[in-house]
Amino acid sequence: MNENRAVFEELPVPKALASLAAPTIISQLITMIYNLADTFFIGRTNNPYQVAAASLSFVLFFFLNGLANLFGVGGGSLISRLMGRGQDGEAKRVCAFSLYGALLASGLYALVCGVWMEPILWALGASKETFRYAAQYAKWVIVVGAVPATLSMTMAHLLRSEGYARHAGFGLGMGGVLNIILDPLFMFVILPPGMEVAGAAFATMLSNGCALLYFCVVYFCLRRRALISASPRAAWMPWALVRPLLAVGLPAALTSFFGCVANMSINRLAAGYSDHAVAAMGIVKKIDMLPMNVGIGLCQGMMPLVAYNYSAKNYQRMHEAVRCTRIAGFSFAAACVLAFELLAPQAVRLFIDDAETVRLGAVFLRIACTAVPFTILNIQASHIFQAIGRGPQSLLLASCRQGLINLPMQFLLNATVGVYGLISAQPVADVLTAVASLILYSRLARQLAREGAARCA
């Protein structure tokens with residue numbers, strides 16, 4: 001019997017959301033900080049080629065996020081809904097299936113990247129100046145570190161789905177803090193000059209491995225009083241359970257994959273201007289992770305609350321969770337837009353002191369931050385549809401934001417406006433996707449209202 005049902009059923013919604021979202025937001029922020037730490041410490045070399053290389057190879061990490069979303073978000077959403085229906089046995093099987101699926105998929109991805117490393121990096125937009133550094137980063141973070149990174153993220157999703165947000169947040173946060181500590185140690189003390197990118201990558205790989213070890217211990221300790229399971233015998237699932245997992249997991253994974261393709265595209269287009277433009281674009285993308293990660297953390301905390309109450313048909317509580325999340329998200333978005341507009345050069349200069357990179361990055365950041373409120377709205381809408389098992393709507397929003405609208409806008413605005421048009425593609429895509437998000441959620445609210453009225457009749 002899961003011990004956290006009171007959070008889903010009885011605790012006032014603002015308190016329930018805070019208990020689920022606060023640890024997730026903290027872990028997301030720490031994860032963001034350790035991702036920023038790589039760029040920050042590499043930037044201390046004042047070598048734009050190393051910064052550009054880390055930005056290029058970090059795109060490969062988005063695929064690991066996609067794999068973790070496939071099994072972690074897909075499995076986690078299904079577990080919360082099964083709990084809401086009282087089907088605890090099936091929830092344990094979903095957990096085991098998700099773990100072993102993530103293990104096999106990340107292992108295969110690491111093998112592919114290891115065998116075809118060179119053509120992959122050239123396809124990402126590496127130049128002769130950045131290729132060596134990009135290969136150093138990808139070797140440790142992707143080829144060696146894919147399995148621990150993917151498994152730790154997947155296990156955190158599954159823990160969060162059952163209400164163990166503090167355990168999930170602590171594990172990811174611990175890995176982030178460890179990475180911040182190890183980065184300068186490996187970059188500037190242990191490894192020789194010229195190996196700073198390799199040092200940052202090795203620190204990241206080692207930190208993810210420690211996070212995985214923590215989650216394994218947590219799973220072992222909770223195995224008798226929670227629905228989590230790592231038993232190979234429980235990993236087999238009938239198609240009746242695999243199908244709803246994939247219905248949510250695939251759109252969640254494709255969201256990351258579309259983001260990866262969009263970043264690959266923008267890096268290649270920026271490379272047509274200069275390595276300074278690629279470095280500035282990479283830095284801005286990292287700074288933009290602040291509102292993005294807070295929004296994701298907030299919505300990941302919202303997801304199990306929405307999923308559980310949707311399955312329990314407590315639509316009023318579900319809508320209240322959505323409303324509280326939206327208020328908190330928009331409030332934070334407004335603060336971010338104000339800060340980025342006023343302090344753009346200072347923010348970029350935290351990562352590098354190269355004058356041309358700072359000049360480009362400040363303009364890029366002021367343009368990019370205009371998308372923040374719409375980004376958070378779209379993230380929330382996507383997470384709502386993931387939570388209730390409606391993958392097609394989630395896939396549509398992800399496709400619009402990162403694929404159907406963003407990619408064409410990149411080429412169109414790059415051709416007509418230039419490099420500043422290139423960075424404007426995401427804000428345009430987010431505004432247009434926000435319209436679709438509001439329409440889809442309004443339709444959902446009306447449908448649930450009709451169902452509620454029919455039950456009361």
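Use the structure listed above.
Computed from a prediction, not measured in an experiment: that's the story for all the values here. (Residues numbered from 1 in each chain as written. Predicted model: local features only at pLDDT ≥ 70, side-chain atom pairs only at ≥ 80, totals over all residues. Heavy atoms only, no water.)

Let's shift gears to the layout of surface pockets. The computed volume of the second largest pocket comes to approximately 190 Å³. Residue lining of the second largest pocket: 13 residues in total, with L99, Y100, M155, Y219 and A230 positioned closest to the centre. Counting only elements with at least two residues in the lining of the second largest pocket, the list comes to α4 (88-115), α7 (146-161) and α9 (196-222). Considering every element that reaches the lining of the second largest pocket, the biggest residue donor is α9, with four residues. A per-class count over the lining of the second largest pocket returns 11 nonpolar, one polar and one charged. (1 Å grid on protein atoms, 1.4 Å probe; cavity = no way out; pocket = protein on both sides within 12 Å on 5 of 7 lines; lining within 4 Å. Points joined across faces, edges and corners; volume = space filled by probe spheres on them. Helix = DSSP H or I, 4+ residues; strand = E, 2+ residues; numbered from the N terminus. Nonpolar A, V, L, I, M, F, W, Y, C, P; charged D, E, K, R; others polar.)

A separate point is the packing of helix α6 (residues 131-144) against α9. It is the contact of α6 with α9, at a shortest axis distance of 8 Å, that shows an interaxial angle of 10 degrees. By the angle between their axes, α6 is roughly parallel relative to α9. On α9, the residues that touch Y133, Q136, Y137, W140, V141 and V144 of α6 are V197, A198, A201, F202, T204 and M205. In the contact of α6 with α9, the residues fall into 10 nonpolar, two polar and no charged. (Axes fitted to C-alpha atoms, helices over the stretch in contact; angles between N-to-C directions. Parallel < 35°, antiparallel > 145°, perpendicular 65-115°, else oblique. Contact = heavy atoms within 4.5 Å.)

Right, let's talk about the environment of A22 for a bit. Here A22 lies in helix α2 (residues 13-43). On a C-alpha basis, the gap between A22 and A334 in space is 19 Å, while along the polypeptide they are 312 residues apart.

Glancing now at the packing of helix α16 (residues 391-404) against helix α17 (residues 406-416). Viewed as axis vectors pointing N to C, α16 and α17 meet at an angle of 20 degrees, and their least axial separation amounts to 5 Å. Looking at the two axes, α16 sits roughly parallel to α17. Facing C400, R401, Q402, G403 and L404 of α16, the residues of α17 in contact are N406, L407 and P408. Residues that form the contact of α16 with α17 fall into these classes: four nonpolar, three polar and one charged.

Attention now goes to unusual backbone geometry. The backbone of K313 sits at a positive phi, close to 65 degrees, despite the residue not being glycine. Checked against the element boundaries, K313 lands in the loop between α12 (289-311) and α13 (315-349). Here K313 falls in the partly exposed class, since its relative accessible area comes to 44%. (Buried < 20%, exposed > 50% of the residue type's maximum accessible area, 1.4 Å probe, protein only.)

Of the positions making up α17, those classed as buried are N406, M409, Q410, L413 and N414. Projected down its long axis, α17 shows its buried positions confined to an angular sector of 120 degrees, all on one face. Exposed residues on α17 whose side chains face more than 90 degrees from its buried face are A415 and T416. Looking one or two residues past α17, G418 carries a phi angle of roughly 105 degrees, positive in sign. (Arc of directions from axis to C-beta.)

Before going further, it helps to spend a moment on empty space enclosed by the protein. Under the defined criterion, the tally for this structure stands at four cavities of 30 Å³ or more. Of the voids in this model, the second largest cavity is the one considered here, and its volume is about 100 Å³. Around the second largest cavity, the lining residues are G72, V73, G76, S77, S80, H157, R160, S161, Q300, M303 and P304. Counting only elements with at least two residues in the lining of the second largest cavity, the list comes to α3 (48-84), α7 and α12. Here the lining of the second largest cavity takes five residues from α3, the largest share from any one element. The residue makeup of the lining of the second largest cavity, split by class, is three nonpolar, seven polar and one charged.

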